[in-house]
Amino acid sequence: MADRYLRNKDLIDQKKLDKITVIGAGGIGSALLQSASIMGFKEIIVWDPDKLEEHNLSTTSWPEKYLNQPKVYAASKTCKELNSKSKLKIHSAFWGTGMPLENKVFLTPDNMECRLAVYNQWKQNPDREFLIDMRMGALGYEIITVTRESDYFMDSYVPSNKIADDPCTAKHTIFCGNLAASFGLSQAFNVLQNRLYYAYIWGSLGPVSLRREHLVKPSEKIENIAV
């Protein structure tokens, strides 16, 4: 297994891939958790209260054999198959205020109030590193990246009752879930490796939208990076 990370060992500092908290193991979370395990995060704490139901099979990447099992159980088994060294600590429950959070947090819940509660608790941690909030509909996604030094979270926060509810058949697609997860994980890479990144990203099947004022520059000089 010495060559497992041969293709990216000079790109990703494996020592920084330690513990993360993931809130949500559904459409975005299922893709994120598998990629995070493959990438090499050593300990993943995941919260999700739901079971894998038949209608989830077209919008998550959990195997059909885990139907009617908790999504976090599917996560634990699937991620272990992808990387035997990955360790998942699973909670088949809602995350609630006051419950543990790691310094590195990925947010993929299905309501805005949970996002706000996690953010408010996480920002009280003086050792916080990043919080990456991934949101999606059927045809679009948003990625909000927050660090101790750069925090635009509330710029895009809207309570759930102010968001028009899409029909059930137009809320999720597997491709938007995968896109959001990929952007979220790449944002974590940018933060951990002290690279340039945009703190707010909006994308759909059309062009990606970026806000120039949300371009975050690393604290140390890094050469030969294309903007």
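**Student:** Break down the confidence of the model for the chain for me, with residues and values.
**Tutor:** Residues at a pLDDT of 70 or more form 92% of the chain, whose mean pLDDT is 91. For residues 222-227, every residue scores under 50 in pLDDT, and the model assigns this stretch 7 contacts once sequence neighbours within four places are set aside.

**Student:** Talk me through a nonpolar patch on the surface; I want residue IDs and the actual numbers.
**Tutor:** There is a patch of nonpolar side chains on the surface, built from Leu139, Phe175 and Leu205 and spanning about 320 Å² of accessible area. Mapped onto the elements, leucine 139 comes out in the loop between β5 (130-136) and β6 (140-146).

**Student:** Break down the environment of leucine 116 for me, citing the residues and quoting the values.
**Tutor:** The topology assignment puts leucine 116 in helix α3 (residues 112-122). For the pair leucine 116 and alanine 199, spaced 83 residues apart in sequence, the C-alpha separation works out to 17 Å. Among all residues touching leucine 116, those that are not within four sequence positions of it are Phe153, Met154 and Tyr157.

**Student:** Which residues make up the nonpolar core, and what values do they have?
**Tutor:** With 41 residues, the main nonpolar core has Val22, Leu33, Phe41, Ile44, Phe106 and Met134 as its most contacted residues. A total of 7 residues in this core trace back to one element, the largest contributor, which is helix α4 (residues 174-192). Every residue in contact with methionine 134, bar those within four places of it in the chain, is listed here: Ile28, Leu32, Phe106, Leu107, Thr108, Arg115, Glu142, Ile143, Ala180, Ala181 and Gly184. Counting residues in each nonpolar core, the second largest holds 18 residues, with Ile23, Ile45, Met112 and Tyr157 among its members.

**Student:** Account for the packing of aromatic side chains, naming residues and giving values.
**Tutor:** Inspection of every chain in the model, using the stated rule, returns 6 aromatic pairs. Here the aromatic rings of tyrosine 119 and phenylalanine 153 are separated by 4.1 Å at their centres, their planes lie at 10°, and the arrangement is stacked. Here the residue tyrosine 119 occupies a position in helix α3, and phenylalanine 153 occupies one in the loop between β6 and α4, the gap between them amounting to 34 residues. Overall, tyrosine 119 belongs to the buried group, its relative accessible area being 4%. Residue phenylalanine 153 is classed as buried on the basis of its relative accessible area, which comes to 0%. Joined through ring pairs, the aromatic side chains of Phe41, Phe106 and Phe130 make up one cluster. Note that arginine 135 overlies the ring of phenylalanine 153, its terminal NZ or CZ placed 5.8 Å from the centroid. Above the face of the tyrosine 200 ring, arginine 211 is positioned so that its terminal group lies 4.0 Å from the ring centre.

**Student:** Describe the sheet that holds strand β9 (residues 209-210), naming the residues involved and giving the relevant values.
**Tutor:** Spatial ordering of the open sheet is given by β3-β2-β1-β4-β5-β6-β8-β9, a layout of 8 strands whose pairing is mixed. Both outer strands of the open sheet, β3 (87-91) and β9, are each paired with one neighbouring strand and no more. Across 5 bridges, the pairing between strand β2 (residues 43-47) and β3 is parallel. Bridge assignment links isoleucine 45 to a residue of β3, and that residue is lysine 89. Of the strands in this sheet, β2 and β3 touch helix α2 (residues 71-82), which is tilted by about 175° from β3. The strands touched by α4 are β4 (104-107), β5, β6 and β8 (200-204); relative to β5, the strand with the most contacts, the crossing angle is about 165°.

**Student:** Tell me about the layout of surface pockets, and please be specific about residues and values.
**Tutor:** Here the second largest pocket is characterised by a volume of approximately 360 Å³. Along its surface, the second largest pocket is lined by 17 residues, and Thr147, Glu149, Val191, Asn194 and Ser219 are the ones closest to its centre. Of the residues forming the lining of the second largest pocket, the biggest block, 3 residues, is contributed by α4. Of the residues belonging to the lining of the second largest pocket, the class tally is 5 nonpolar, 5 polar and 7 charged.

**Student:** Please give an account of α2 that cites residues and values.
**Tutor:** The end-to-end C-alpha distance of α2, which contains 12 residues, comes to 16 Å, matching closely the 16 Å that a straight helix rising 1.5 Å per residue would cover. Within α2, the full set of buried residues consists of Lys71, Val72, Ala74, Ala75, Thr78 and Cys79. Along α2, the residues classed as buried sweep out an arc of 145° about the axis, all on the same side. Among the structural elements, α1 (27-39), β2 and β3 are those in contact with the buried residues of α2.

**Student:** Just give me the short version of the environment of leucine 32, but keep the residues and values in it.
**Tutor:** Relative to the helices and strands, leucine 32 is located in helix α1. Here leucine 32 falls in the buried class, since its relative accessible area comes to 0%. Sequence separation of leucine 32 and leucine 107 is 75 residues, and the distance between their C-alpha atoms is 10 Å. Every residue in contact with leucine 32, bar those within four places of it in the chain, is listed here: Val22, Phe106, Met134, Ala181 and Leu185.

What counts as what
Residues numbered from 1 in each chain as written. Predicted model: local features only at pLDDT ≥ 70, side-chain atom pairs only at ≥ 80, totals over all residues. Heavy atoms only, no water. pLDDT = per-residue confidence, 0-100. Contact = heavy atoms within 4.5 Å. Patch = residues over 30% accessible without salt bridge, like charges linked within 9 Å, V, L, I, M, F, W, Y side chains within 5 Å. Areas by Shrake-Rupley, 256 points an atom, 1.4 Å probe, with all protein chains shown as cover. Salt bridge = Lys/Arg side-chain N within 4 Å of Asp/Glu carboxyl O. Helix = DSSP H or I, 4+ residues; strand = E, 2+ residues; numbered from the N terminus. Core = buried A, V, L, I, M, F, W, Y, C linked by side-chain atoms within 4.5 Å. Buried < 20%, exposed > 50% of the residue type's maximum accessible area, 1.4 Å probe, protein only. Phe/Tyr/Trp six-rings, centres within 6.5 Å; stacked < 30°, edge-to-face > 60°. Lys NZ or Arg CZ within 6 Å of the ring centre and 35° of its normal. Pairing = 2+ DSSP bridges. Axes fitted to C-alpha atoms, helices over the stretch in contact; angles between N-to-C directions. 1 Å grid on protein atoms, 1.4 Å probe; cavity = no way out; pocket = protein on both sides within 12 Å on 5 of 7 lines; lining within 4 Å. Points joined across faces, edges and corners; volume = space filled by probe spheres on them. Nonpolar A, V, L, I, M, F, W, Y, C, P; charged D, E, K, R; others polar. Expected span 1.5 Å × (residues − 1). Arc of directions from axis to C-beta.

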